[in-house]
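Below are the chains, spelled out letter by letter.
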Amino acid sequence: MNPPPAICTSPAAPTDSIRTPWAEFWRKFRRQPVALVAGAFVGLLVLMAIFAPALVPFHAEDYFDYDALNNPPSWQHWFGVDPLGRDIFSRILVGARISLAAGFISVAVGAIVGTLLGLIAGYYEGWAGQLIMRFSDVLFAFPGILLAIGIVAILGNGMVNVVVAVAIFSIPTFARLVRGNVLSLKHLTYIEAQHSIGAPDWTIILRHILPGTMATVVVYFTMRIGTSIITAASLSFLGMGAQPPTPEWGAMLNEARADMVTSPHVAIFPSLAIFLTVLAFNVLGDGLRDSLDPKIDQK
Amino acid sequence: MLRYLIKRLLGLAPTLIIVAVLVFLCVHLLPGDPARLAAGPDAPPETVELVRKDLGLDRSIPEQFLRFISGAVRGDFGKSIRTRRLVSAEIAERFWPTFWLTFWSMAWSVTVGLAIGTVAAVWRNRWPDRIGMVFAISGISFPAFALGMVLMEIFAVQLGWLPALGAESWKHYILPSLTLGAAVAAIMARFTRSSFVEILQEDYVRTARAKGLSEPVVVIKHALRNALIPVVTMMGLQFGFLLGGSIVVEKVFNWPGMGRLLVDAVEMRDYPVIQASVLLFSLEFIVINLIVDLLYGFINPTIRYK
């Protein structure tokens, strides 16, 4: 949203510091210890994902310990060994790389395309806007994962196609969100002022309306990554995404189904990995929303 | 009311037509020749041509589309490539297990979600709220297939209390519907809470308190009804989520439903089954959202249908 008003109603507020949007955000965000922890955890996950190849104690796909098949967690194998003799900890680390990349890329593509469509649909309400909104209504007529399954059925199995599918079904949500924002922003005085000095449409849209929509997009982006990681993992679980032996978390769980009774740790650790990762993104998203939404101020 | 219903039904037409076109085109977008798929990989070219004629795939695209639509309206989607049975028969036996699974999941998750959300809003920022919201955010973060496997491990494998696979008795419904409903319960709880928190600050709630009504009467009679309005919309959206979720949960629990039918069909490129189930899933989703819109009128008397 637009920068917070300079006049502060609270008498206790320091008069010498100017509140930039960033300072305001940080002031609210650091008061939420849980969100801070989640943010730190996400940071750690990203670092682990980037350096996974250097961190793994064993090769995720080509290491087989035939003397330790199905062994539970031990000092040598922190998360135990799977029925093929592979080290589960190493596989989870490499899997983090796949899941985070899939979640991030698909949401980024969905957010960029959706934001652009939303800007156009909100600014030009005529036939272009109508067309874009009809298109997103149709995408909404399918339950999310069904749409993804349909797209993967057409494109074929594989992680890249899963990312494409998840990106496509993120587009309409961002388009609607941004359009709603634009509709409320474009009648504000500062936009009118831009019109009156003869600024071209694209300058107004990109330099004056887009920044106003960014807070919502960032919050939604963070929350959406969690959902996308789940959807991508679900598709792999259904056998449509990453294929064995790729250590994608959903695919690992699918492989573990057969050995649930004898070696539960093979299923428990990938489950926990997905749960904690998605939880961190969701908690972080909640925290960002509470610190970026100007409506939630007084408490 | 009737006029509104008719208007809404007509409004559905364009969406339904586009969905039908997409589902129809899906056959032609699928990799591989559908006639070759139907005939089998070893069939000689003459047989493939015969099958092509038999399926009507040698006609022009608009002609095929008309045939598809007129068939679909009568519930005729042709024969499954995998089992050679009528698609309508396949779906008929798979429909009810999925219907009841989603129904029971929705029933428990909405009840529990509403209860948790209400309690959290009334005791806002105190321990019932915190516990409820920890449950809620965990619920939306635990993917259904992982939760299903963990529940199965605990209650079926370790404790042996409940059956793990299949859909024979009511006991079989417990674990899958718990798994499927968890995320919805969590979303409903979060949504009810935020809707309730806003309502509790309204003037009429203060008035109700000021005239000396007891807190339970204020919460249940004055606040709950108003808080329900946005919650009901959310319910409609969640049904779509459940329909989608059932696809995954059915695979975990080997449930003989529509979701597994679809997944198997995608695997085998069994396009008549894919078309019929995708169409049915979307139709269900659209109809449920319509019902939810109509439900509004009963909860919120200020809405007039025009």
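From a predicted model like this one, the values you see are computed outputs, not experimental measurements. Here the residue numbering is sequential within each chain, running from 1 through the sequence in written order. Chain A is the first chain written and ligand 1 is the first ligand written, with later ones labelled in order. Local features in this predicted model are restricted to residues of pLDDT 70 or higher, and side-chain atom pairs are both shown and tallied only at a pLDDT of 80 or more, whereas totals for entire chains, interfaces and linings draw on every residue. For the side-chain quantities, the full set of heavy atoms in the structure was used; hydrogens and water were omitted.

## Side note on the overall build of chain A
- A count of helical and extended segments in chain A gives 11 helices and 0 strands.
- Reading chain A from its N end, one meets helices and strands in the order α-α-α-α-α-α-α-α-α-α-α.
- The principal-axis extents of the C-alpha atoms in chain A amount to approximately 75 × 50 × 30 Å.
- Here the term buried applies to any residue with accessible area under 20% of the maximum for its type, exposed to any over 50%, and partly exposed to those in between, with areas from a 1.4 Å probe on protein chains only. Counting every position in chain A, which comprises 299 residues, the buried fraction comes to 51%.
- Contacts were defined at the residue level, with two residues in contact if any of their heavy atoms lie within 4.5 Å. Put simply, of all contacts in chain A between residues at least 6 apart along the chain, 72% involve residues at least 24 apart.
- The method behind every accessible area is Shrake-Rupley, applied with a 1.4 Å probe, and residues are considered shielded solely by the protein chains displayed. Element-wise, carbon and sulfur atoms account for 69% of the exposed surface of chain A, whose accessible area totals about 14,300 Å². Segments assigned H or I by DSSP are reported as helices when at least four residues long, segments assigned E as strands when at least two residues long, and all are numbered from the N terminus.

## Here we look at the packing of aromatic side chains
- Put simply, two rings from Phe, Tyr or Trp (the six-membered ring, in Trp's case) pair if the centres are within 6.5 Å, and we call them stacked under 30 degrees between planes, edge-to-face over 60, tilted for the rest. For the structure on display, the rule yields 18 aromatic pairs over all chains.
- Measuring from ring centre to ring centre gives 5.1 Å for Tyr-123 of chain A and Tyr-124 of chain A, while their planes differ by 80°; the resulting arrangement is edge-to-face.
- For Tyr-123 of chain A, a relative accessible area of 11% puts it in the buried group.
- The class of Tyr-124 of chain A is partly exposed, set by a relative accessible area of 36%.
- Residues Tyr-173 of chain B and Trp-255 of chain B carry aromatic rings whose centres are separated by 4.8 Å and whose planes lie at 80° to one another, so their mutual orientation is edge-to-face.

## A short note on the pattern of salt bridges
- Whenever Lys or Arg places a side-chain nitrogen within 4 Å of a carboxyl oxygen from Asp or Glu, that contact is recorded as a salt bridge. Scanning the entire structure with this criterion turns up 10 salt bridges over all chains.
- Of the charged contacts, one joins Glu-93 of chain B and Arg-85 of chain B as a salt bridge, the two residues approaching to 3.0 Å between their closest N and O atoms.
- Residue Glu-93 of chain B is classed as partly exposed on the basis of its relative accessible area, which comes to 45%.
- Where salt bridges share partners, they join Asp-286, Arg-289 and Asp-290 of chain A together with Arg-190 of chain B into one cluster.

## Examining the interface of chain B and chain A
- If you look at the interface, chain B gives 39 residues, while chain A gives 37 residues.
- Joining two parts hides part of their accessible area as seen by a 1.4 Å probe, and the buried area is that hidden amount summed over both. For the chain B and chain A pair, buried surface summed over both sides reaches about 3,400 Å², with 78% attributable to carbon and sulfur atoms.
- Of all residues in chain B, Phe-145, Met-149 and Lys-251 of chain B bury the most surface against chain A, accounting for 19% of the area lost on that side.
- Across the salt bridge formed by Arg-190 of chain B and Asp-286 of chain A, the nearest N and O atoms sit 2.9 Å from each other.
- Among the elements of the structure, helix 1 (2-29), helix 6 (127-141), helix 7 (144-158), helix 10 (215-252), helix 11 (258-268) and helix 12 (271-299) of chain B are those that each provide at least two residues to the side of chain B that touches chain A.
- The class makeup of the residues in the side of chain B that touches chain A is 26 nonpolar, 7 polar and 6 charged. Note on residue categories: nonpolar means Ala, Val, Leu, Ile, Met, Phe, Trp, Tyr, Cys or Pro, charged means Asp, Glu, Lys or Arg, and polar means any other residue, Gly included.

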